[in-house]
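Chain by chain, the residues:
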Amino acid sequence: KAGVTQTPRYLIKTRGQQVTLSCSPISGHRSVSWYQQTPGQGLQFLFEYFSETQRNKGNFPGRFSGRQFSNSRSEMNVSTLELGDSALYLCASSLRSSGDVYTQYFGPGTRLLVL
Amino acid sequence: AQTVTQSQPEMSVQEAETVTLSCTYDTSESDYYLFWYKQPPSRQMILVIRQEAYKQQNATENRFSVNFQKAAKSFSLKISDSQLGDAAMYFCAYRDYSGNTPLVFGKGTRLSVIA
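Quick summary incoming for the structure in this document. Note on numbering: residues in each chain are counted from 1, in written sequence order. By the order in which they are written, chains take letters starting at A while ligands take numbers starting at 1. Whole-chain, interface and lining totals are the exception, using all residues; otherwise, since this is a predicted model, local features are given only for residues with pLDDT of at least 70 and side-chain atom pairs are given and counted only at 80 or more. Side-chain figures throughout are based on the complete set of non-hydrogen atoms in the structure, without hydrogens or water.

Some words on the overall build of chain A
A helix here means a DSSP run of H or I that spans at least four residues, while a strand means a run of E at least two residues long, and both kinds are numbered starting from the N terminus. For chain A, the count of helices and strands is zero helices and 11 strands. For chain A, the N- to C-terminal ordering of α and β elements is β-β-β-β-β-β-β-β-β-β-β. It is over C-alpha atoms that the radius of gyration is taken, and the globule rule equals 2.2 Å times the number of residues to the power 0.38. In terms of C-alpha radius of gyration, chain A reaches 13 Å, essentially the compact-globule figure of 13 Å for 115 residues. With 115 residues in all, chain A has 52% of them scored as buried. Within chain A, contacts between residues separated by at least 24 positions form 55% of all contacts whose residues are at least 6 apart in sequence. Each accessible area is a Shrake-Rupley estimate made with a 1.4 Å probe; only the visible protein chains count as cover when residues are assessed. Summed over all atoms, the accessible surface of chain A reaches about 5200 Å², with 49% contributed by carbon and sulfur. Burial here depends on accessible area, computed with a 1.4 Å probe over protein chains only, as a share of the maximum for the residue type. Under 20% is buried, over 50% is exposed, and the range in between is partly exposed. Any pair of residues with heavy atoms lying within 4.5 Å of one another is described as a contacting pair.

Below you can see the structure in the form of C-alpha coordinates.
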(Lines give C-alpha, C1' and ligand atoms only; values in the text may rest on other atoms or scores of the structure.)
Protein backbone atom coordinates (compact mmCIF):
# COMPACT_ATOMS: atom_id res chain seq x y z
CA LYS A 1 0.00 0.00 0.00
CA ALA A 2 1.18 3.47 -0.78
CA GLY A 3 1.83 5.68 2.22
CA VAL A 4 0.49 9.11 3.00
CA THR A 5 1.44 11.61 0.33
CA GLN A 6 1.65 15.35 0.68
CA THR A 7 2.00 17.99 -1.98
CA PRO A 8 3.85 20.15 -2.50
CA ARG A 9 6.90 19.13 -0.50
CA TYR A 10 8.39 22.61 -0.40
CA LEU A 11 6.80 26.00 -0.76
CA ILE A 12 7.99 29.58 -0.56
CA LYS A 13 5.43 32.34 -0.13
CA THR A 14 5.45 35.98 0.88
CA ARG A 15 3.56 37.60 3.72
CA GLY A 16 -0.08 38.24 2.97
CA GLN A 17 -0.40 35.47 0.41
CA GLN A 18 -2.45 32.37 0.93
CA VAL A 19 -1.45 28.74 0.50
CA THR A 20 -3.19 25.39 0.04
CA LEU A 21 -1.57 22.13 1.06
CA SER A 22 -2.82 18.73 0.02
CA CYS A 23 -2.77 15.34 1.70
CA SER A 24 -3.75 11.96 0.29
CA PRO A 25 -4.22 9.33 3.00
CA ILE A 26 -3.39 5.66 2.87
CA SER A 27 -5.99 3.82 0.82
CA GLY A 28 -8.94 2.92 3.03
CA HIS A 29 -8.09 5.42 5.74
CA ARG A 30 -10.91 7.81 6.51
CA SER A 31 -9.37 10.03 9.15
CA VAL A 32 -6.86 12.76 8.35
CA SER A 33 -5.11 15.00 10.87
CA TRP A 34 -2.87 18.00 10.34
CA TYR A 35 -0.01 19.21 12.53
CA GLN A 36 2.32 22.18 12.48
CA GLN A 37 5.89 21.58 13.58
CA THR A 38 8.26 24.40 14.46
CA PRO A 39 11.52 24.41 16.46
CA GLY A 40 10.03 26.65 19.12
CA GLN A 41 6.55 25.19 19.58
CA GLY A 42 7.15 21.59 18.65
CA LEU A 43 4.26 19.58 17.22
CA GLN A 44 0.94 21.35 17.42
CA PHE A 45 -2.37 19.87 16.36
CA LEU A 46 -4.32 21.82 13.76
CA PHE A 47 -7.42 19.77 12.98
CA GLU A 48 -8.76 16.32 12.29
CA TYR A 49 -11.28 15.24 9.71
CA PHE A 50 -13.25 12.04 9.56
CA SER A 51 -15.72 11.24 6.80
CA GLU A 52 -15.64 14.84 5.58
CA THR A 53 -16.48 16.25 9.03
CA GLN A 54 -14.14 18.17 11.28
CA ARG A 55 -13.83 16.11 14.44
CA ASN A 56 -11.29 18.06 16.43
CA LYS A 57 -9.73 21.47 16.09
CA GLY A 58 -6.59 22.87 17.66
CA ASN A 59 -5.95 26.34 18.99
CA PHE A 60 -5.09 28.14 15.79
CA PRO A 61 -6.55 31.36 14.34
CA GLY A 62 -9.29 31.27 11.74
CA ARG A 63 -6.71 31.89 9.00
CA PHE A 64 -6.08 28.16 9.19
CA SER A 65 -8.82 26.07 7.67
CA GLY A 66 -9.23 22.64 6.21
CA ARG A 67 -11.57 20.30 4.49
CA GLN A 68 -11.88 16.69 3.50
CA PHE A 69 -13.30 15.32 0.31
CA SER A 70 -15.43 12.23 -0.27
CA ASN A 71 -12.34 10.25 -1.32
CA SER A 72 -10.76 11.14 2.08
CA ARG A 73 -8.17 13.43 0.54
CA SER A 74 -7.72 16.56 2.60
CA GLU A 75 -6.56 20.09 2.05
CA MET A 76 -5.56 22.77 4.47
CA ASN A 77 -5.49 26.44 3.65
CA VAL A 78 -3.69 29.28 5.34
CA SER A 79 -4.76 32.78 4.38
CA THR A 80 -2.92 36.05 4.94
CA LEU A 81 0.37 34.33 5.65
CA GLU A 82 2.59 35.59 8.44
CA LEU A 83 6.29 35.00 9.00
CA GLY A 84 5.42 32.82 11.97
CA ASP A 85 3.56 30.39 9.73
CA SER A 86 6.89 29.12 8.42
CA ALA A 87 6.90 25.50 9.53
CA LEU A 88 6.77 21.87 8.56
CA TYR A 89 3.14 20.85 8.06
CA LEU A 90 2.52 17.19 8.67
CA CYS A 91 -0.49 15.19 7.64
CA ALA A 92 -1.39 11.85 9.21
CA SER A 93 -4.05 9.32 8.35
CA SER A 94 -5.71 6.53 10.26
CA LEU A 95 -8.35 3.95 9.50
CA ARG A 96 -10.76 5.51 11.96
CA SER A 97 -10.65 8.26 14.50
CA SER A 98 -11.22 6.17 17.61
CA GLY A 99 -11.00 2.69 19.00
CA ASP A 100 -8.57 -0.08 18.25
CA VAL A 101 -7.99 0.94 14.67
CA TYR A 102 -6.67 4.33 15.62
CA THR A 103 -2.99 4.55 14.75
CA GLN A 104 -1.78 7.53 12.79
CA TYR A 105 0.64 7.19 9.88
CA PHE A 106 2.41 10.32 8.76
CA GLY A 107 3.28 11.76 5.41
CA PRO A 108 6.66 13.33 4.58
CA GLY A 109 5.42 16.84 5.29
CA THR A 110 5.28 20.14 3.44
CA ARG A 111 7.93 22.64 4.37
CA LEU A 112 6.52 26.17 4.11
CA LEU A 113 8.76 29.21 4.17
CA VAL A 114 7.13 32.64 4.43
CA LEU A 115 9.28 35.59 3.42
CA ALA B 1 -6.23 18.16 29.53
CA GLN B 2 -3.85 15.36 28.82
CA THR B 3 -0.16 16.15 28.79
CA VAL B 4 2.93 14.23 27.76
CA THR B 5 6.35 14.99 29.23
CA GLN B 6 9.72 13.91 27.90
CA SER B 7 12.26 15.06 30.43
CA GLN B 8 15.38 14.28 28.38
CA PRO B 9 15.85 16.80 25.55
CA GLU B 10 18.98 15.00 24.33
CA MET B 11 20.58 11.62 24.84
CA SER B 12 23.45 9.73 23.33
CA VAL B 13 24.37 6.06 23.12
CA GLN B 14 27.28 4.05 21.82
CA GLU B 15 26.61 1.85 18.85
CA ALA B 16 25.47 -1.65 19.91
CA GLU B 17 24.59 -0.44 23.42
CA THR B 18 21.16 -0.05 24.99
CA VAL B 19 19.41 3.22 25.72
CA THR B 20 16.13 4.08 27.45
CA LEU B 21 14.07 7.16 26.65
CA SER B 22 11.62 8.37 29.29
CA CYS B 23 8.06 9.55 28.93
CA THR B 24 5.40 10.37 31.48
CA TYR B 25 1.85 11.41 30.83
CA ASP B 26 -1.12 12.75 32.69
CA THR B 27 -4.67 11.61 32.08
CA SER B 28 -7.83 10.79 33.96
CA GLU B 29 -8.89 8.27 31.33
CA SER B 30 -8.59 4.53 31.86
CA ASP B 31 -8.56 3.49 28.20
CA TYR B 32 -6.01 5.06 25.91
CA TYR B 33 -3.11 4.48 23.55
CA LEU B 34 0.51 5.41 23.79
CA PHE B 35 2.92 5.69 20.91
CA TRP B 36 6.55 6.27 20.19
CA TYR B 37 7.37 7.97 16.90
CA LYS B 38 10.78 8.47 15.36
CA GLN B 39 11.64 11.49 13.22
CA PRO B 40 14.99 11.15 11.43
CA PRO B 41 16.67 14.07 9.63
CA SER B 42 14.43 13.39 6.62
CA ARG B 43 11.59 14.68 8.86
CA GLN B 44 9.31 11.74 8.03
CA MET B 45 7.53 10.73 11.23
CA ILE B 46 7.71 6.95 11.61
CA LEU B 47 5.70 4.87 14.05
CA VAL B 48 8.05 2.84 16.23
CA ILE B 49 5.73 1.13 18.68
CA ARG B 50 2.25 1.33 20.14
CA GLN B 51 0.80 0.26 23.48
CA GLU B 52 -2.83 -0.18 24.43
CA ALA B 53 -3.47 0.79 28.06
CA TYR B 54 -5.72 -2.22 28.69
CA LYS B 55 -2.89 -4.60 27.84
CA GLN B 56 -0.58 -5.40 30.73
CA GLN B 57 2.06 -6.95 28.48
CA ASN B 58 4.69 -4.52 27.27
CA ALA B 59 4.83 -4.07 23.50
CA THR B 60 7.95 -5.06 21.58
CA GLU B 61 9.03 -4.53 17.98
CA ASN B 62 12.36 -6.14 17.17
CA ARG B 63 15.01 -4.08 18.99
CA PHE B 64 12.43 -1.69 20.43
CA SER B 65 10.47 -2.38 23.58
CA VAL B 66 8.53 -0.36 26.10
CA ASN B 67 8.18 -0.38 29.85
CA PHE B 68 4.57 0.60 30.47
CA GLN B 69 3.73 1.42 34.08
CA LYS B 70 0.07 2.41 34.08
CA ALA B 71 -0.18 3.33 37.76
CA ALA B 72 2.90 5.53 37.51
CA LYS B 73 1.77 6.90 34.11
CA SER B 74 5.13 6.10 32.68
CA PHE B 75 5.95 4.83 29.19
CA SER B 76 9.65 4.45 28.45
CA LEU B 77 11.22 3.21 25.22
CA LYS B 78 14.20 0.88 25.27
CA ILE B 79 16.36 0.55 22.19
CA SER B 80 18.66 -2.45 22.23
CA ASP B 81 21.74 -2.97 20.07
CA SER B 82 21.63 0.68 18.95
CA GLN B 83 22.45 1.35 15.33
CA LEU B 84 23.57 4.51 13.55
CA GLY B 85 20.20 4.62 11.82
CA ASP B 86 18.47 4.99 15.18
CA ALA B 87 19.74 8.56 15.45
CA ALA B 88 16.64 10.74 15.35
CA MET B 89 14.13 12.74 17.37
CA TYR B 90 11.84 10.46 19.33
CA PHE B 91 8.37 11.61 20.28
CA CYS B 92 6.10 10.05 22.83
CA ALA B 93 2.38 10.51 22.11
CA TYR B 94 -0.95 9.84 23.81
CA ARG B 95 -4.50 9.53 22.67
CA ASP B 96 -7.59 8.42 24.55
CA TYR B 97 -9.68 5.53 23.30
CA SER B 98 -12.70 7.61 22.38
CA GLY B 99 -10.87 9.75 19.89
CA ASN B 100 -12.58 12.83 21.26
CA THR B 101 -9.24 14.50 21.78
CA PRO B 102 -6.35 14.65 19.31
CA LEU B 103 -3.00 12.93 19.54
CA VAL B 104 -0.89 14.73 22.16
CA PHE B 105 2.87 14.78 21.69
CA GLY B 106 5.75 15.33 24.04
CA LYS B 107 8.49 17.77 23.06
CA GLY B 108 10.80 15.01 21.93
CA THR B 109 14.19 13.54 22.79
CA ARG B 110 17.06 13.89 20.34
CA LEU B 111 19.03 10.66 20.27
CA SER B 112 22.59 10.58 18.96
CA VAL B 113 24.34 7.30 18.22
CA ILE B 114 28.12 7.30 18.53
CA ALA B 115 30.12 4.94 16.34
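Looking at the packing of aromatic side chains
Residues and elements named next belong to chain B. Pairing of aromatic rings covers Phe, Tyr and Trp, the last through its six-membered ring, and needs centres within 6.5 Å; plane angles under 30 degrees mean stacked, over 60 mean edge-to-face, and all others mean tilted. In total, this model carries 17 aromatic pairs over all chains according to the counting rule given. Ring geometry for tyrosine 33 against phenylalanine 35: centres 6.4 Å apart, planes inclined by 35°, an arrangement best described as tilted. Taking 6.2 Å as the distance between ring centres and 25° as the angle between the ring planes, the aromatic pair formed by tryptophan 36 and phenylalanine 75 counts as stacked. You can see tryptophan 36 sitting in strand 5 (residues 32–39) and its partner phenylalanine 75 sitting in strand 9 (residues 74–79), a full 39 residues away along the chain. One exposure class covers both tryptophan 36 and phenylalanine 75, and it is buried.

Let's talk about the state of the cysteines
Residue and element names in this part refer to chain B. For this text, the term disulfide refers to a pair of cysteine sulfurs within 2.5 Å. Scanning the entire structure with this criterion turns up two disulfides over all chains. Through a disulfide, cysteine 23 is tied to cysteine 92; the S-S separation comes to 2.0 Å. Its S-S torsion of about -70° marks the bond between cysteine 23 and cysteine 92 as left-handed, since a negative value means left-handed. Residue cysteine 23 is found in the loop between strand 3 (19–21) and strand 4 (24–26), and its partner cysteine 92 is found in strand 10 (residues 88–96); the two are separated by 69 residues along the sequence.

Re the pattern of salt bridges
Residue and element names in this part refer to chain A. When a carboxyl oxygen of Asp or Glu lies within 4 Å of a side-chain nitrogen of Lys or Arg, that pair is called a salt bridge. Counted under the stated rule, the structure contains nine salt bridges over all chains. Between aspartate 85 and arginine 63 there is a salt bridge, with its nearest N and O atoms 2.8 Å apart. Of the two residues, aspartate 85 sits in the loop between strand 8 (74–78) and strand 9 (87–94) while arginine 63 sits in the loop between strand 6 (53–57) and strand 7 (64–68), which places them 22 residues apart along the sequence. The exposure class of arginine 63 is buried, given its relative accessible area of 16%.

A few points about the pairing of strand 6 of chain A
All names here are of chain A. Examined bridge by bridge, strand 5 (residues 42–50) and strand 6 share four bridges and lie antiparallel to one another. Its bridge partner being in strand 6, phenylalanine 47 is matched across the sheet by lysine 57. Taking the residues that link successive antiparallel strands as the turn, the strand 5-strand 6 hairpin has two residues, and the phi of serine 51 there is positive, at about 50°. Strands pair, by our definition, only if DSSP identifies at least two bridges between them.

Description of the nonpolar core
Counting 25 residues, the largest nonpolar core has Tyr25(B), Trp36(B), Phe75(B), Leu77(B) and Tyr90(B) as the members making the most contacts within it. The set of elements that each furnish at least two residues to this core consists of strand 3, strand 5, strand 6 (46–52), strand 8 (64–69), strand 9, strand 10 and strand 12 (109–114) of chain B. Counting residues per element, this core draws most heavily on strand 10 of chain B, which supplies four residues. In this structure, Tyr90(B) is in contact with Gln6(B), Leu21(B), Trp36(B), Tyr37(B), Lys38(B), Val48(B), Phe64(B), Leu77(B), Ile79(B), Gly108(B), Thr109(B) and Leu111(B), ignoring residues within four places of it in sequence. Core analysis: the second largest hydrophobic core is formed by 21 residues, Val4(A), Trp34(A), Leu46(A) and Val114(A) among them. Buried Ala, Val, Leu, Ile, Met, Phe, Trp, Tyr and Cys residues that are joined via side-chain atoms within 4.5 Å together make up what is termed a nonpolar core.

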